[in-house]
Amino acid sequence: MAPGRDPDPAAFRSLTTPIRRASTVVFDDLDSFEARASRLYDGYSYGLYGTPTSRALEERIAALEGGSRAIVLPSGLAAIALATLSVVRCGDRVLFPDSMYGPAKEFFGGLLERLGVEAIPYPPEIGEAIAERLDDRVRMLWMESPGSQTFEVQDVPAIARAAKARGIVSAADNTWASHLGFRPLDHGVDIAMQALSKHAGGHGDLVMGSLAVSDETLFRRLKDSARVLGYGVSADDCALCERGLMTMPLRLRHSWATARSLIAYLSSRPDVLRILHPSVPDHPGHAIWRRDHRGAAGVFGLLLPPADREAQRAGLAEMRTIKIGASWGGVHSLIAPGDPRRNRAPIPWLPEGIYWRLSIGLEDEADLRRDLAAALDAIRTRRRTTSKIAG
Ligand SMILES: *Cc1c(COP(=O)(O)O)cnc(C)c1O
């Protein structure tokens, strides 16, 4: 069987990165085959370790993040796991904010603990006082700002400074803001992580994560670990992600504009207890967010007064345009009901109530507002009925 042909690559010039699939990469002779391991970081030795398509995406992400190197991974969670496993050794400690992405916390508390690494949560709004929690055993310090679900904003520059002063590797899950809103590497963080499944993919059909760094040694450690763990990303998925990145600035701007207007509407309703988004002036992280960020995601939390399960069900049943589902950051608006108090230390500032996380997509604002108004009305009606019966 003859190998695949690329008849005239110079004559076919499209605007997209070509999709180059491969497991096997072939070599001209004995010497180049035997030297293939030297091509792990650049060049090509085996499809799992890099294709022209994945390298192109990694170069683009490194540039967007303001770093020198990036690596793409099969998911955002894989990126968190890989970064951690590349840095820590048995006996080390990892610190992470209590507001961090739930499955990452499960990785820290489960697999990582079993490997003899102690994972310790800290209050996300700790700021420079994190220094008091750093000792010689702390090897890695994670941040996530704003936090998953509860949207606490962290003082990333201060926390990164404290880590650097002790030679601790710092990493930030920057999925909410993305490189468009905040670039962790510019603020002293060693590893900038993104779940590309969210804003970059943007259409609810891609799962991928990335890590960006500006230190070659750290990059090589990440790549070495990815190799022995067998992490790789298909060329097709990389091309899909590149396509997503091209429209990402416009999509984010639009979804934030719509979200801002919906937040204003929701704030005017007496049956909304609180909106969790750092743009809201009474949000505890508002000042830091304004200081550090250049934009916002249309993803926020909505806290409604306590009501029974039937009331919540009735509210969600009113959704026509907004779909019930996990994940966020895409063209489709999503709502995820959930209790942020689970798996957390007590959150004293968060009152009891119905909690929904909303991700605003690209649909017509009037349709989204209709859904939210109908849902709140349904809950209010149901609450009135039950309190009458109870009374
Ligand atoms: C979704 C998400 C992840 C994980 O990404 P996956 O690609 O779904 O594994 C990590 N961090 C944050 C903040 C996320 O929202």
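Coordinates for the structure precede this section.
Reference entry: report on the structure contained in this document. For clarity, every value in this text was computed on a predicted model and none was experimentally measured.

Each value, and the rule that gives it
- Residues numbered from 1 in each chain as written.
- Predicted model: local features only at pLDDT ≥ 70, side-chain atom pairs only at ≥ 80, totals over all residues.
- Heavy atoms only, no water.
- Axes fitted to C-alpha atoms, helices over the stretch in contact; angles between N-to-C directions.
- Helix = DSSP H or I, 4+ residues; strand = E, 2+ residues; numbered from the N terminus.
- Parallel < 35°, antiparallel > 145°, perpendicular 65-115°, else oblique.
- Left-handed = near helix turned anticlockwise from the far one by under 90°.
- Contact = heavy atoms within 4.5 Å.
- Near = heavy atom within 4 Å.
- Polar contact = N/O pair within 3.5 Å; in protein donor to acceptor, adjacent residues only side chain to side chain.
- Areas by Shrake-Rupley, 256 points an atom, 1.4 Å probe, with all protein chains shown as cover.
- Nonpolar A, V, L, I, M, F, W, Y, C, P; charged D, E, K, R; others polar.
- Salt bridge = Lys/Arg side-chain N within 4 Å of Asp/Glu carboxyl O.
- Buried < 20%, exposed > 50% of the residue type's maximum accessible area, 1.4 Å probe, protein only.
- Core = buried A, V, L, I, M, F, W, Y, C linked by side-chain atoms within 4.5 Å.
- Right-handed = clockwise from strand over helix to strand, strands pointing away.
- Pairing = 2+ DSSP bridges.
- Phe/Tyr/Trp six-rings, centres within 6.5 Å; stacked < 30°, edge-to-face > 60°.
- 1 Å grid on protein atoms, 1.4 Å probe; cavity = no way out; pocket = protein on both sides within 12 Å on 5 of 7 lines; lining within 4 Å.
- Points joined across faces, edges and corners; volume = space filled by probe spheres on them.

### Digging into the packing of helix α3 (residues 76-87) against helix α4 (residues 102-114)
Between two packed helices, the angle of one axis relative to the other and the distance separating the axes together describe the packing. Closest axis-to-axis distance for the α3/α4 pair is 10 Å, and the angle between their directions is 40 degrees. For the element pair α3 / α4, the angle class is oblique. Classified by chirality, the crossing of α4 by α3 is right-handed. Two secondary-structure elements touch here, α3 through Leu77, Ile80, Ala81, Thr84 and Leu85 and α4 through Pro103, Ala104, Phe107, Phe108 and Leu112.

### Some remarks on the site of the ligand
In the vicinity of the ligand there are 14 residues, among which Gly76, Leu77, Asp173, Ser197 and Lys198 approach most closely. Ser197 has a polar side-chain atom sitting 2.5 Å from an oxygen atom of the ligand. In this structure, Trp328 approaches the ligand through a side-chain N or O atom, which is 3.5 Å from an oxygen atom. Burial of the ligand by the protein amounts to 89% of the accessible area it has alone, namely 380 Å². Partitioning the shell around the ligand into residue classes produces six nonpolar, five polar and three charged.

### Re the pattern of salt bridges
Oppositely charged side chains can form a pair if their charged atoms are brought close together. Per the stated rule, a full pass over the model turns up 28 salt bridges. A salt bridge links Asp236 to Arg21; its shortest N-O distance comes to 2.4 Å. In this pair, Asp236 is assigned in helix α8 (residues 235-267) and Arg21 in the segment before α1 (30-34), connecting sequence segments 215 residues apart. Here Asp236 falls in the partly exposed class, since its relative accessible area comes to 32%. Between Asp377 and Arg380 there is a salt bridge whose closest N-O contact spans 3.6 Å.

### Here's the deal with the nonpolar core
Across soluble globular proteins, nonpolar side chains show a tendency to be buried alongside one another. Among the nonpolar cores identified, the biggest contains 58 residues, and Ile130, Leu141, Trp176, Leu266 and Trp356 are the most heavily contacted of them. The set of elements that each furnish at least two residues to this core consists of β4 (138-144), α5 (156-165), α8, β8 (274-276), β9 (299-304), α10 (309-317), β12 (354-359) and α11 (365-390). Counting residues in hydrophobic clusters, the runner-up holds 35 residues, among them Ala78, Phe96, Met100 and Ala195.

### Quick word on the pairing of strand β5 (residues 169-173)
The side chains of a regular strand alternate between the sheet's two faces. With respect to burial, β5 is a largely interior element, five of its five residues being buried. Because side chains alternate across β5, one face comprises the buried residues Val169, Ala171 and Asp173, and the other comprises Ser170 and Ala172, equally buried. The handedness of the β4 to β5 crossover, carried by α5, is right-handed. As judged from the three bridges shared by β5 and strand β6 (residues 191-195), these two strands associate in the parallel manner. Note that in β6 the partner of Ala172 across the bridge is Ala192.

### Details of the packing of helix α2 (residues 52-64) against α8
Orientation of α2 relative to α8, taken along the N-to-C sense of each, is 35 degrees, at an axis distance of 8 Å. For the pair α2 and α8, the sense of crossing is left-handed. Between α2, through Thr53, Ser54, Ala56, Leu57, Arg60, Ile61 and Leu64, and α8, the contact on the second element is made entirely by Ala235, Cys238, Ala239, Cys241, Glu242 and Leu245.

### Focus: the packing of aromatic side chains
All chains considered together, the criterion is met by five aromatic pairs. Among the aromatic residues, ring-to-ring pairing joins Phe96, Phe107 and Phe108 into one connected group.

### Overview of the layout of surface pockets
Over the atoms, a rolling probe the size of a water molecule traces out where space has been left empty. In this structure, the second largest pocket spans a volume of roughly 580 Å³. For the second largest pocket, the lining is made up of 20 residues, of which Arg5, Asp6, Arg20, Arg21 and Pro52 are closest to its centre. Per-class residue counts for the lining of the second largest pocket are nine nonpolar, seven polar and four charged.

### A word on the side chain of Thr258
Assignment of secondary structure puts Thr258 in helix α8. In this structure Thr258 comes out as buried when scored by relative accessible area, which is 5%. Those residues in contact with Thr258 that sit more than four places away from it in its chain are Ile360, Glu365 and Leu368.

### Some points on the environment of Gly244
In this structure, Gly244 sits in helix α8. When the C-alpha atoms of Gly244 and Ser210 are compared, they prove to be 14 Å apart, with 34 residues separating the residues in sequence. Leaving out residues up to four positions away in the same chain, Gly244 has contacts with Ala200, Gly201 and Arg251.

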